[in-house]
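# Structure at a glance
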Amino acid sequence: MTELTTDLKSLHEATLNNLKNSKSNNTLRAYKSDFKDFGAFCTKHGLNSLPTEPKIVSLYITHLSKNSKISTLRRRLVSISVVHKLKGHYLDTKHPIIVENLMGIRRVKGSIQNGKKPILISHLKSIINVINEKKTEEIKKLRDKSLILIGFGGGFRRSELISIDYEDLEFFPEGLKIRIKRSKTDQFGEGMVKGLPFLTNKIYCPVSNLEKWLKISKIKSGPIFRRFSKGLSLTNKRLTDQSVVLLIKEYLNSAGIENKNFSGHSLRSGFATVAADSGADERSIMAMTGHKTTQMVRRYIKEANIFKNNALNKVKL
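This text gives an overview of the structure that appears in the document.

Cut-offs and rules
Residues numbered from 1 in each chain as written. Predicted model: local features only at pLDDT ≥ 70, side-chain atom pairs only at ≥ 80, totals over all residues. Heavy atoms only, no water. Helix = DSSP H or I, 4+ residues; strand = E, 2+ residues; numbered from the N terminus. Buried < 20%, exposed > 50% of the residue type's maximum accessible area, 1.4 Å probe, protein only. Contact = heavy atoms within 4.5 Å. Areas by Shrake-Rupley, 256 points an atom, 1.4 Å probe, with all protein chains shown as cover. Pairing = 2+ DSSP bridges. Axes fitted to C-alpha atoms, helices over the stretch in contact; angles between N-to-C directions. 1 Å grid on protein atoms, 1.4 Å probe; cavity = no way out; pocket = protein on both sides within 12 Å on 5 of 7 lines; lining within 4 Å. Points joined across faces, edges and corners; volume = space filled by probe spheres on them. Nonpolar A, V, L, I, M, F, W, Y, C, P; charged D, E, K, R; others polar. Patch = residues over 30% accessible without salt bridge, like charges linked within 9 Å, V, L, I, M, F, W, Y side chains within 5 Å. Salt bridge = Lys/Arg side-chain N within 4 Å of Asp/Glu carboxyl O. Phe/Tyr/Trp six-rings, centres within 6.5 Å; stacked < 30°, edge-to-face > 60°. Lys NZ or Arg CZ within 6 Å of the ring centre and 35° of its normal. Parallel < 35°, antiparallel > 145°, perpendicular 65-115°, else oblique. Left-handed = near helix turned anticlockwise from the far one by under 90°.

## Concerning the overall build of the protein
In terms of regular secondary structure, the protein is built from 13 helices and five strands. In the protein, which comprises 317 residues, the proportion classed as buried is 42%. For the protein, the share of sequence-separated contacts (at least 6 apart) that also reach a separation of at least 24 residues comes to 60%. In the form shown here, the protein has an accessible surface area of approximately 19,200 Å², with 53% of it arising from carbon and sulfur atoms.

Pasting the structure below:
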């Protein structure tokens, strides 16, 4: 009986470990952060957070709904559920008291999501022009231009962008292949390859600018997008994903563009929107961005065509 108990305990620990490994570290941190807020709510009202029950979760969702978007409520619900699983507890998140409460909140608040603004061609050119005009070292200009142009041209998530290593690059006469080792929707590390062709206009060409950056930085291995220390001395340390956001906002501001509603995701959404506006089909866009479903890509296409395919264009006034 003791051996059986020991075996079951070992299997239980291994199962929990597998559950943890099924998620990326960033995802797990997000779950823990969300659950911390839920825990604070429960403590304040004398309720149990772990294990909890559907009624308590429903109360928490109602509490959040006053100042949060529907997408935030759903994310918190997922986080609470995952933490319960990781701790070996069951929570019925499909319970009617939760599902119907969410439906009611959605009807009251509406479900239109106000996402961050995409970086369009006009924004992109303004950013590159501003960088070129900056009174700073050429090495800094080339790093920032390459980062932004590659991020846009490949429809990269910022986490993918900063994770690119020199070993992931392969240059050809036609352009550049970049191997993505792992991404948000590729948790098993199957990887994917993105191809960026050379553009006629070298000023805004991602591949041409990256070639110049690699030449001036003399990077031959490891991270290609690195931090500078004081005095613009290049380090071996990889840029953080937050650095991408700060650089975008900095250069938009320098270009005289209101930067409040832009983020690191604006490069990715910008590529998809511009590609859709240029006539690229959803399959071609998904092949570059790595989207697994058509839902978000179709949203980009719809937004890009909001004026082009507008019924009012057929009305004669």
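## Some thoughts on the sheet that holds strand β3 (residues 192–197)
Spatial ordering of the open sheet is given by β1-β2-β3, a layout of three strands whose pairing is antiparallel. Edge positions in the sheet fall to β1 (169–172) and β3, since each of these pairs with one other strand and no more. For this sheet, the mean angle separating the axes of adjacent strands, direction not counted, is 20 degrees. Bridging between strand β2 (residues 175–180) and β3 involves six bridges; their strand directions are antiparallel.

## Observations regarding the layout of surface pockets
One simple way to see leftover space: roll a probe sized like a water molecule over the atoms. A volume near 390 Å³ is recorded for the second largest pocket. Only α6 (121–133), α7 (138–153), β3, α11 (265–277) and α12 (282–289) provide two or more residues apiece to the lining of the second largest pocket. When the residues that make up the lining of the second largest pocket are grouped by side-chain class, the tally is 14 nonpolar, three polar and one charged.

## What to know about a nonpolar patch on the surface
Among the surface-exposed residues, Leu312, Val315 and Leu317 lie close enough to one another that they form a single nonpolar patch of about 380 Å² accessible area. Assignment of secondary structure puts Leu317 in the segment after α13 (294–304). A relative accessible area of 96% means that Leu317 is categorised as exposed.

## Quick look at the packing of aromatic side chains
In this structure the tally under the stated criterion is five aromatic pairs. Every member of this aromatic cluster is reached through a ring pair, and the members are Phe35, Phe38, Phe41 and Tyr60. Between the NZ or CZ atom of Lys194 and the centre of the ring of Phe156, over which it lies, the distance is 4.2 Å.

## Considering the packing of helix α3 (residues 54–65) against helix α5 (residues 96–109)
A packed helix pair is summarised by two numbers, namely the angle formed by the two axes and the spacing between the axes. At a minimum axis separation of 9 Å, α3 and α5 run at an interaxial angle of 15 degrees. Considering the angle they form, α3 stands roughly parallel to α5. Where α3 crosses over α5, the two elements pack in a sense that is right-handed. Only Ile97, Ile98, Asn101, Leu102, Ile105 and Lys109 of α5 make contact with α3, whose side of the interface consists of Pro54, Lys55, Val57, Ser58, Ile61, Thr62 and Ser65.

## Description of the packing of α3 against helix α4 (residues 70–86)
Two numbers describe how α3 lies on α4: the axes approach to 10 Å, and their chain directions differ by 150 degrees. As judged from the angle between their axes, α3 and α4 are roughly antiparallel. Crossing of α3 against α4: the hand is right-handed. Here α3 contributes Val57, Tyr60, Ile61, Leu64 and Ser65 to the contact with α4, which in turn contributes Leu73, Arg76, Leu77 and Ile80. Considered class by class, the residues forming the contact of α3 with α4 number seven nonpolar, one polar and one charged.

## Details of the pairing of strand β4 (residues 226–229)
Looking at chain direction, β4 and strand β5 (residues 233–238) are connected through three bridges and run antiparallel. Among the inter-strand pairings, Arg226 is bridged to a residue of β5, identified as Arg238. Following β4, the chain reverses through three residues before pairing antiparallel with β5; Gly231 in that reversal takes a positive phi of roughly 85 degrees.

## Let's talk about unusual backbone geometry
Put simply, Leu50 and Pro51 share a cis peptide bond, and its omega is -5 degrees. Looking at the element boundaries, Pro51 is found in the loop between α2 (25–44) and α3. Although it is not a glycine, Lys218 adopts a positive phi angle of roughly 60 degrees. With respect to the element layout, Lys218 can be found in the loop between α9 (206–217) and β4. For Lys218, a relative accessible area of 69% corresponds to the exposed category. Even without being a glycine, Leu232 presents a positive backbone phi close to 55 degrees. Taking the relative accessible area as the measure of exposure, Leu232 reaches 27% and is therefore partly exposed.

## Digging into the pattern of salt bridges
If charged atoms from side chains of opposite charge come close, those side chains can pair. Applying the stated rule across the entire model yields eleven salt bridges. Between Asp144 and Lys140 there is a salt bridge, and its shortest N-O distance comes to 2.5 Å. Within this pair, Asp144 and its partner Lys140 are both found in helix α7, separated by four residues, close to a single helical turn. Just as Asp144 is buried, Lys140 falls in that class too. Each of Asp165, Asp168, Arg179, Lys181 and Arg238 takes part in salt bridges that share partners, so that together they form one network.

Read these as layout, nothing more, since geometry by itself doesn't imply function.
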